[in-house]
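Close look at the chain arrangement
One letter stands for each residue in the lines below.
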Amino acid sequence: MSGAPLKLAVIAGEVSGDLLGGDLVAALKRQYDGPVELIGVGGEALEAQGLRSLFDYSELSIMGFIQVIKRLPKLLARIRQTADAIIAAKPDILLIIDSPDFTHRVAKRVRKVLPDLPIVNYVCPSVWAWKEYRAQKMLAYVDHVLAVLPFEPEAMQRLGGPATTYVGHRLTVDADLLETRRQRALRDIKAGSDLKTVLLLPGSRGSEIRQLLPVFERATEELSRRNDNVRYLLPTVPKQEALVRSLLESWSAKPEVLVGQRAKWQAFALADAAMAASGTVILELGLAGVPVVSTYKTEWLARLVMSRIKVWTAALPNLIVDYAVLPELINDVLRPGLLARYMERLSTDTPEQAAMLAGYDLVWQRMQTEEPPGDKAAAIVLEVLSNKKAGHF
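Since the model is a prediction, treat every value here as computed from it, not as a measurement. (Residues numbered from 1 in each chain as written. Predicted model: local features only at pLDDT ≥ 70, side-chain atom pairs only at ≥ 80, totals over all residues. Heavy atoms only, no water.)

Focus on the pattern of salt bridges
It is possible for side chains bearing opposite charge to pair when their charged atoms get close. For clarity, the threshold we go by: By definition here, a salt bridge exists when the distance from a side-chain nitrogen of Lys or Arg to a carboxyl oxygen of Asp or Glu is within 4 Å. The secondary structure listing takes helices from DSSP runs of H or I that are at least 4 residues long and strands from runs of E that are at least 2 residues long, numbered from the N terminus. The classification of residues rests on relative accessible area computed with a 1.4 Å probe and restricted to protein chains. Under 20% of the type maximum is buried, over 50% is exposed, and intermediate values are partly exposed.
Evaluated as defined, the whole model comprises 15 salt bridges. The closest approach of N and O atoms between aspartate 272 and arginine 187, which form a salt bridge, is 2.7 Å. Residue aspartate 272 is located in the loop between α10 (261-270) and β10 (273-277), and its partner arginine 187 is located in helix α7 (residues 175-190); the two are separated by 85 residues in the primary sequence. Take arginine 187: its relative accessible area is 25%, and that puts it in the partly exposed class. Linking lysine 264 and glutamate 284 is a salt bridge whose minimum nitrogen-to-oxygen distance equals 2.9 Å. Here lysine 264, found in helix α10, pairs with glutamate 284, found in helix α11 (residues 280-288); they are 20 residues apart in sequence, far enough to count as distant. The pair formed by lysine 264 and glutamate 284 is uniform in burial state, with each residue classed as buried. One network of salt bridges, in which partners are shared, links Glu59, Lys74 and Arg78.

This is the structure:
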């Protein structure tokens, strides 16, 4: 495709989505023979590609029913603002990235006014986990889904959702992760140290940190009582450093706090095992080769709807290979003593550790693609745009 400027509307609601968007737009500029103009919402990665975000996208980084309810009036106003701006700009195509509670509501509004505007959804919503009916409803306002997990195209087809293509996951080509894998391979060859390094990853949101750190504290106390050779590293994001340090003041087995992405990957390279909040970090640890136990405590209101969740596991490595590669301790099952004993078994040469690492190898194989995710995603965006203009939808 070539010629006239390509006006792309893009909406990313969180850091991970912003990184995906930035990568896709960079690839789009290489593939499209003409200027690419951006309008919408995003962060640093998209702004580096020329986006002037309509507002600070960190406003959208909220989690849990209670937080959403508290912020609902502001969120609804931002949905209207974003949809109105996109409608007024009359872009060539709309790309919505993850954060479905926000991005999908914008897309529905835009589709009502601009019915011929092609809409691509990057990161498949977890319709395979709960509210499966959402897959068919997406047909009304999404033309194509770019999936980052290899099992999602089959799931969307089974549920009657929009056409879906697995484009790959950015983590499989992430320079920091690849370097971490290299360092861990060298470390395994050298091996031999009696000192065990356990990572504590309580999440990046304040609510997660407050829920999980007290459990981690009791687990580290028991682990240290049972073992003399354990050190603890706690990577965190800059905005949560003060909270984390305040909660660690009374700990007897104090972890070393590491701040920022570079420090996080360095900690991954050193780790023997990890206890971590359920989420993308579990996949990061799996791809890096760090044995982990996934943990979570839900808000009381969220517990009321847990019976509606259809998926058998929340851990992405488990879903990718379709068996229990790693354990999950959630709510009442999340017991410090159990967590401590898992750390003992996973941080040493045991059958449990070997089985988990073998599972990680299979996860890595299943997630490989022939071309980088951003390049594949950009090519599909251009294909959808071409098909829409040719009237193939």
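Some thoughts on the pairing of strand β4 (residues 119-122)
Inclusion rule: Two strands are said to pair when DSSP picks up at least two bridges between them. We call a crossover right-handed when, viewed with the strands running away from us, the connection from the first strand over the helix to the second turns clockwise.
Here β4 shows no split at all, with Ile119 and Asn121 on one side and Val120 and Tyr122 on the other all buried. Examined bridge by bridge, strand β3 (residues 93-97) and β4 share four bridges and lie parallel to one another. Within the sheet, the bridge partner assigned to isoleucine 96 lies in β4 and is asparagine 121. Taking the sense of rotation as the criterion, the β-α-β connection linking β3, helix α4 (residues 100-113) and β4 turns out right-handed. Sheet topology places β4 next to strand β5 (residues 144-147); three bridges connect them, and they run parallel. Across the sheet, residue asparagine 121 finds its bridge partner in β5, namely valine 145.

Topic: the nonpolar core
Formally: Buried Ala, Val, Leu, Ile, Met, Phe, Trp, Tyr and Cys residues form a nonpolar core when they are joined through side-chain atoms within 4.5 Å. Here the bounds of each domain stem from an automatic or database domain assignment. The contact definition used throughout considers only heavy atoms, calling two residues in contact when any of these lie within 4.5 Å.
Counting 130 residues, the largest nonpolar core has Leu94, Tyr122, Trp128 and Leu285 as the members making the most contacts within it. Composition of this core by domain shows at least three residues from each of domain 1 (6-168 + 370-390) and domain 2 (175-367). Those residues in contact with tryptophan 128, other than ones at most four positions away along the chain, are Leu149, Phe151, Glu152, Ala155, Leu159, Val311, Leu316 and Leu319.

Describing the pairing of strand β1 (residues 6-12)
Most of β1 is tucked away, with six of its seven residues classed as buried. Bridge count for β1 against strand β2 (residues 36-41) is six bridges, and the pairing is parallel. Directly across from isoleucine 11, in β2, lies its bridge partner valine 41. In terms of handedness, the path from β1 via helix α1 (residues 15-31) over to β2 forms a crossover that is right-handed. Direction of pairing for β1 relative to β3: parallel, over a ladder of five bridges.

Topic: the environment of phenylalanine 151
With respect to the helices, strands and loops of the structure, phenylalanine 151 is situated in the loop between β5 and α6 (152-159). In sequence terms phenylalanine 151 and tryptophan 128 are 23 residues apart; their C-alpha atoms lie 9.7 Å from each other. Residues in contact with phenylalanine 151, not counting those within four places in the same chain, are Trp128, Leu319 and Ile320.

Brief notes about the side chain of serine 294
Mapped onto the secondary structure, serine 294 falls in strand β11 (residues 292-296). Judged by its relative accessible area of 1%, serine 294 falls in the buried class. Those residues in contact with serine 294 that sit more than four places away from it in its chain are Ala276, Ser278, Ile282, Leu326, Pro327, Glu328 and Leu329.

Overview of helix α8 (residues 206-226)
Stated formally: For a helix, the expected span equals 1.5 Å multiplied by the residue count minus one.
Over its 21 residues, α8 extends 30 Å from the first C-alpha to the last, a length consistent with the 30 Å expected when each residue adds 1.5 Å. The set of residues buried in α8 consists of Gly206, Glu208, Ile209, Leu212, Leu213, Val215, Phe216, Glu217, Ala219, Thr220, Glu222 and Leu223. Where α8 is buried, its residues meet β7 (196-201), β8 (230-236), α9 (241-248), β10, β11 and α14 (336-346).

Points about α11
Most of α11 sits out of view: eight of its nine residues are buried. Buried within α11 we find Val281, Ile282, Leu283, Glu284, Leu285, Gly286, Leu287 and Ala288. Count one or two residues on from α11 and you reach glycine 289, which has phi positive near 90 degrees.

Brief notes about the environment of arginine 226
Looking at the secondary structure, you find arginine 226 in helix α8. Here arginine 226 is in contact with Arg341 and Glu344, once residues within four sequence places are set aside.

Regarding the packing of aromatic side chains
As a reminder of what qualifies: Think of it this way: a Phe, Tyr or Trp ring, Trp meaning its six-membered ring, pairs with another when their centres are within 6.5 Å, and the plane angle makes it stacked under 30 degrees, edge-to-face over 60, tilted otherwise. Consider the ring centre and the ring normal. A charge sits over the ring if Lys NZ or Arg CZ is within 6 Å of that centre and within 35 degrees of that normal.
Within this structure, the stated rule accounts for three aromatic pairs. Seen from their ring centres, phenylalanine 55 and phenylalanine 102 are 6.3 Å apart, and the 80 degrees between their planes marks the pair as edge-to-face. Note that phenylalanine 55 is positioned in the loop between α2 (44-48) and α3 (65-89) and phenylalanine 102 in helix α4, a separation of 47 residues in sequence. Accessibility assignment for this pair places phenylalanine 55 and phenylalanine 102 in one class, buried. Aromatic pair tryptophan 128 and phenylalanine 151: ring centres 5.1 Å apart, planes at 80 degrees, arrangement edge-to-face. Of this pair, tryptophan 128 sits in the loop between β4 and α5 (134-137) while phenylalanine 151 sits in the loop between β5 and α6, placing them 23 residues apart in sequence. For the pair tryptophan 128 and phenylalanine 151, a shared accessibility class is recorded, and that class is buried. When the ring centre of tryptophan 364 is taken as origin, the NZ or CZ atom of arginine 181, which lies over that ring, is 3.7 Å away.

Honestly, that's just the spatial picture; any functional story needs more than this.
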